[in-house]
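Overview (structure and organization)
Each chain, letter by letter, is given below.
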Protein chains: 2
Amino acid sequence: MTDPTTISPSQTQPSANADLLRKDMSARAKLVESAIDALLPPTTGGDARLIEAMRYATLGGGKRLRGYLAVETASLFGVPEAQSARVGASVEMLHAYSLVHDDLPAMDDDDLRRGQPSTHRKFDEATAILAGDALQTKAFEILADAQTHESANVRIALIAAFAAASGASGMVGGQMIDMEGEGRALPLDEVRHLHALKTGCLIRYSAESGAILGQADADLQRRLRSYGTNIGAAFQIADDVLDATATAEELGKTAGKDEASGKSTFVALLGIDGARAEAERLTKLAIEDLAPFGAKADRLKALAYYVIERRN
Amino acid sequence: MTDPTTISPSQTQPSANADLLRKDMSARAKLVESAIDALLPPTTGGDARLIEAMRYATLGGGKRLRGYLAVETASLFGVPEAQSARVGASVEMLHAYSLVHDDLPAMDDDDLRRGQPSTHRKFDEATAILAGDALQTKAFEILADAQTHESANVRIALIAAFAAASGASGMVGGQMIDMEGEGRALPLDEVRHLHALKTGCLIRYSAESGAILGQADADLQRRLRSYGTNIGAAFQIADDVLDATATAEELGKTAGKDEASGKSTFVALLGIDGARAEAERLTKLAIEDLAPFGAKADRLKALAYYVIERRN
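So, here is what we can say about the structure in this document. (Residues numbered from 1 in each chain as written. Chains lettered and ligands numbered in written order. Predicted model: local features only at pLDDT ≥ 70, side-chain atom pairs only at ≥ 80, totals over all residues. Heavy atoms only, no water.)

**Notes on the overall build of chain A**
- Along its length, chain A carries 14 helices and two strands.
- When the 312 residues of chain A are sorted by exposure, 57% land in the buried category.
- Counting only contacts in chain A whose residues sit at least 6 apart along the sequence, the fraction spanning at least 24 positions is 75%.
- When the accessible area of chain A is evaluated, it comes to approximately 11700 Å², of which 52% is carbon and sulfur surface. (Helix = DSSP H or I, 4+ residues; strand = E, 2+ residues; numbered from the N terminus. Buried < 20%, exposed > 50% of the residue type's maximum accessible area, 1.4 Å probe, protein only. Contact = heavy atoms within 4.5 Å. Areas by Shrake-Rupley, 256 points an atom, 1.4 Å probe, with all protein chains shown as cover.)

**What to know about the nonpolar core**
- Among the nonpolar cores identified, the biggest contains 196 residues, and Tyr205, Tyr227 and Leu303 of chain A together with Tyr205, Tyr227 and Leu303 of chain B are the most heavily contacted of them.
- If sequence neighbours within four positions are ignored, Tyr205 of chain B has contacts with Val87, Val91, Leu143, Leu158, Ala161, Phe162 and Ala165 of chain B. (Core = buried A, V, L, I, M, F, W, Y, C linked by side-chain atoms within 4.5 Å.)

**Describing the packing of aromatic side chains**
- For the structure shown, the criterion picks out nine aromatic pairs over all chains.
- Considering the side-chain rings of Tyr56 of chain A and Phe123 of chain A, the 5.7 Å spacing of their centres and the 70 degrees angle between planes classify their relative orientation as edge-to-face. Of this pair, Tyr56 of chain A sits in helix α2 (residues 48-58) while Phe123 of chain A sits in the loop between α5 (119-122) and α6 (125-144); the two residues are 67 residues apart in sequence, bridging distant segments of the chain.
- Grouped by ring-pair contacts, the aromatic residues Phe140, Phe162 and Tyr205 of chain A together with Phe140, Phe162 and Tyr205 of chain B constitute a single cluster. (Phe/Tyr/Trp six-rings, centres within 6.5 Å; stacked < 30°, edge-to-face > 60°.)

**Some thoughts on the interface of chain A and chain B**
- The partner chain B presents 40 residues to the 40 residues of chain A that form the contact.
- Surface buried jointly by chain A and chain B totals about 3400 Å² across both partners, of which 74% is contributed by carbon and sulfur atoms.
- Per-residue buried area on chain A facing chain B is highest for Leu130, Ile156 and Met176 of chain A; these three make up 17% of the total on that side.
- Where chain A packs against chain B, one counts zero salt bridges.
- For the pair chain A and chain B, the interface holds six residue pairs in polar contact (both at pLDDT 80 or more).
- For the side of chain A that touches chain B, the secondary-structure elements that each account for two or more residues are α2, α4 (81-102), α6, α7 (152-166) and α8 (171-181) of chain A.
- For the side of chain A that touches chain B, a count of residues per class yields 24 nonpolar, nine polar and seven charged. (Buried area = accessible area lost by both parts, 1.4 Å probe. Salt bridge = Lys/Arg side-chain N within 4 Å of Asp/Glu carboxyl O. Polar contact = N/O pair within 3.5 Å; in protein donor to acceptor, adjacent residues only side chain to side chain. Nonpolar A, V, L, I, M, F, W, Y, C, P; charged D, E, K, R; others polar.)

**Regarding the relation of the copies chain A and chain B**
- Mapping chain A onto chain B calls for a screw motion: a turn of 180 degrees about the axis and a shift of 0.0 Å along it, with 0.0 Å RMSD after fitting. A rotation of that kind, with that shift, is consistent with a two-fold axis. Every residue of chain A has its C-alpha some distance from the rotation axis, and the shortest such distance is that of Ala152 of chain A, at 2.8 Å.
- Most of the interface of chain A is mirrored in chain B, where 100% of its interface residues again form contacts. (Least-squares fit on C-alpha atoms with pLDDT ≥ 70 in both.)

**Here we look at the packing of helix α9 (residues 188-213) of chain A against helix α10 (residues 218-245) of chain A**
Residues and elements named next belong to chain A.
- Where α9 contacts α10, the two axes come as close as 7 Å, and the packing angle between them is 145 degrees. In this structure, α9 meets α10 at a crossing whose hand is right-handed. Contacts between α9 and α10 involve His195, Thr199, Ile203, Arg204, Ala207, Glu208, Ala211 and Ile212 on the former and, on the latter, Gln221, Leu224, Arg225, Tyr227, Gly228, Thr229, Ile231, Gly232, Phe235, Gln236 and Asp240. (Axes fitted to C-alpha atoms, helices over the stretch in contact; angles between N-to-C directions. Left-handed = near helix turned anticlockwise from the far one by under 90°.)

**Remarks on the side chain of Asp289 of chain A**
All names here are of chain A.
- Among the secondary structure elements, Asp289 is positioned in helix α13 (residues 266-289).
- Salt bridges are absent for the buried Asp289, whose nearest opposite-charge side chain, Arg223, sits at 5.0 Å.
- Of note is the side chain of Asp289, whose polar atom sits 3.0 Å from the side chain of Ser226.
- Residues contacting Asp289, with those up to four places away along its chain left out, are Arg223, Ser226, Tyr227 and Asn230. (Lys, Arg positive; Asp, Glu negative; His and termini not counted.)

**Focus: the pattern of salt bridges**
- Counted by the stated rule, this structure contains 46 salt bridges over all chains.
- Between Arg28 of chain A and Glu72 of chain A there is a salt bridge; the shortest N-O distance is 2.2 Å. Taken together, the residues span a long stretch of sequence, with Arg28 of chain A in helix α1 (residues 15-39) and Glu72 of chain A in helix α3 (residues 65-75) at a distance of 44 residues. The same class applies to Arg28 of chain A as to Glu72 of chain A, namely buried.
- As a salt-bridge pair, Asp298 of chain B and Lys301 of chain B come within 3.9 Å of each other at their nearest N and O atoms. Taken together, the residues Asp298 of chain B and Lys301 of chain B, both in helix α14 (residues 298-309) and three residues apart, mark about one turn of the helix.

**So, helix α9 (residues 188-213) of chain B**
Residue and element names in this part refer to chain B.
- Given a rise of 1.5 Å per residue, 26 residues ought to cover 38 Å, and the 35 Å separating the end C-alpha atoms of α9 matches this to within 8%.
- The largest bend in α9 comes to about 55 degrees, at Gly200.
- α9 sits mainly inside the fold: 20 of its 26 residues count as buried.
- Following α9 by one or two positions, Gln215 has its phi on the positive side, about 50 degrees. (Expected span 1.5 Å × (residues − 1). Bend = angle between axes of the 7 residues up to and from the residue.)

**Let's talk about unusual backbone geometry**
- In this structure, Asp109 of chain A takes a positive phi of about 55 degrees despite not being glycine.
- Topologically, Asp109 of chain A is positioned in the loop between α4 and β1 (112-113).

**Focus: the environment of Ile51 of chain B**
- Residue position: Ile51 of chain B is located in helix α2 (residues 48-58).
- The buried category is assigned to Ile51 of chain B, whose relative accessible area is 1%.
- Along the chain, Ile51 of chain B and Pro41 of chain B lie ten residues apart, while their C-alpha atoms are 6.9 Å from each other.
- Contacts of Ile51 of chain B, omitting those with residues within four sequence positions, involve Ala168 of chain A together with Pro41, Pro42, Thr43 and Gly46 of chain B.

**Structural notes on the packing of α7 of chain A against α9 of chain A**
Residue and element names in this part refer to chain A.
- Two elements in contact, α7 and α9, have axes separated by 9 Å at closest approach and are oriented at 170 degrees. On the basis of their axis angle, the class for α7 and α9 is roughly antiparallel. Seen from α7, the contacting residues are Val154, Ala157, Leu158, Ala161, Phe162, Ala165 and Ser166; seen from α9, they are Cys201, Leu202, Arg204, Tyr205, Glu208, Ser209, Ile212 and Leu213.
- Within the contact of α7 with α9, the residues separate by chemical class into eleven nonpolar, two polar and two charged. (Parallel < 35°, antiparallel > 145°, perpendicular 65-115°, else oblique.)

**Some details on the environment of Gly61 of chain A**
Residues and elements named next belong to chain A.
- In this structure, Gly61 sits in the loop between α2 and α3.
- Between the alpha carbons of Gly61 and Arg114 there is a distance of 7.6 Å; along the sequence they are 53 residues apart.
- When sequence neighbours within four positions are dropped, the list of residues in contact with Gly61 reads Glu33 and Arg114.

Structure follows, in C-alpha cells:
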C-alpha cells in the first residue's frame, strides 16, 4: 500500500536529480520572472491601474512550470536564454490571464490565488477582465517581436502553436467543458478530454516551444510534444489528488473545492490510490519520450516526477 | 446654422460616390461575413455552446467598418481578397470580443447589441467571457496562417501592429481609461486620448493593414495610418453625436446612455454643432491623406464622410 500523502522515494528518481531540479527551477523561475517584469510596461507607461493589475496577476510567485518547460526544452538545442525566457514569459502571461478570468465571480468565483487575493478581489471585476484581456494580447505581441527569434518563420510557428493550444479548441475550450460539467458526473473519458484541453494543451505547448525555438527535427519535436502531453495529464491528476489531500495553507488556495462543488475528478473516478497510479504511469511514459536526449534531459525527467510529487 | 440631425449634402462628396460606397460596403460586409463564418469552427468542431457564442457575437450584421477598411485599403495594392478578407475577419473578431467583454455587467452592463440581446444575455456571463477570450486568440491564429500571406515577415508585421493596437497601450488601455473616467468630468485632451486608444487604434490598424499586406512603401503606409487615425477620431465624435440625437431603434442599442451615465463626451465638451465641426475637420484631413492614390481611393474618401453621416 502506498503512503497516503506521497509517493515513496524508491519509486522516484535519484535524489541528486531532485536537488538539481529544485535549484534549476528556482533559478529559471527568477529568469522568467525578470523577463515578465521587463516585458510588461511600467505603471507609468500606460493606464497605471491596468498595468498594476497585469503585474499583480503575473509577478511574485508561482512555480512557473510552463516557463520552466519553455526554457529547459530550449536549452536542449542550445537556444540562448534571452530568447527562451521571452517565450517562457509569454506563456506565463497567457496562463495568468486564464487564471484571472477563471477566478471571476461568473466563473469559479475564487477569492484566493497563490495565497493572495485574486485579481478581481484586489482590484475589481472590470479591471480583472481587462487585465486578463491585455495579458493575452501581450503574450502574442512578445512572440511576434524579432528579439524572440531572428527567423520570422520560427516566430510564426510559435504563434500558431500557441494560439491552437490556448483557444476554443485548446485551453478555453477545456474551461468551457469544465464549467458545463459542473454538478454532473462525467465519465472518465470526458474528464481526460477536458483536462487535456484545459491544462494539457498549454503545458504541451510549453514543452514543444523549445523544439520550435531550437528548430528541432520532426521526431524530437514530436517527442517533446508527447512529453508535454504526458506530464500535462499527470499534472492535472496530481492536482486532483492535492485538492483532496492537501490543506489550504499548503495550496495557497481553497482546498477541497472539487468535492464541495461536485466536480468530476480523477480522484472521484479512480480513488486516491488509482489516481496516483495513473499519474505514475503517465510520468513513466513522459520519461520514455526523453530517451534520445540522454543525460541532457535529466532535469526534465526529474520534472516529470516533480509534477506528481509536489505539495502545492 | 447646420441641420441638427445631419450634415447638409453640399458639405459631402458627390452622391455618385456615396452610392458606390453603399454597394461596395454591402458587398464587402458579405465577403468579410463569409470569411468569419468559414474561419470559425463549426459547432460540431468543439464545445458547441462556446462556438455558438463566438458565432453569435461575430456573425449576423454590423457595418464591418474595420473589415471594410482592411479589404479596401488592401485593394489599393492589388492584394487578393482571399487574403484581405482574412485580415478583415480577424479584426472583426477582435472588435467583437471587445464588445462582448464591454457589455458585461461588471463593465458597461449593456443588454442590447445591434438590436439583439448582448452575448451574456443570450448565453450567460461565463460563456461570454470565454467566447470573448477565444475570439481574441482566433484573431491572432488567423493572421499567423500562411493563407493570410505567403511571407512570414508580412504576417509578423500584421500581428505586431494588431497586438500594439489592441492591448494595454491601445484598445484595452482606452477601455480602462474610459471606465475610470465615468462620473468625472474629463478635459477635452483626455477625452481625445481615451478615444484615440479605445476605438481609434483598431480603426487605424484596419486602414494600415492593407498597406502592410500590400507591402507598401513607408510613405503610403504612413498615409494610410494617418487616414485611419483621422477617420477613427471622426467616427467616435460622430458616435457621441448619434448617442445624443438618435433613437434606440436607429442605433440598435440603448440611446442617450452617455448623458445618463455622466460620461465626458465630445458633445458635452463641444456642443452638438461644435462636435460636428470637429468631425468634419478630421474628415477633411483624412481625405488629404489619400491624395497620392487619386481616384482609386474614391471609396475610402466617401467612407470618411460616411463615418460622420451614418445614423447607426
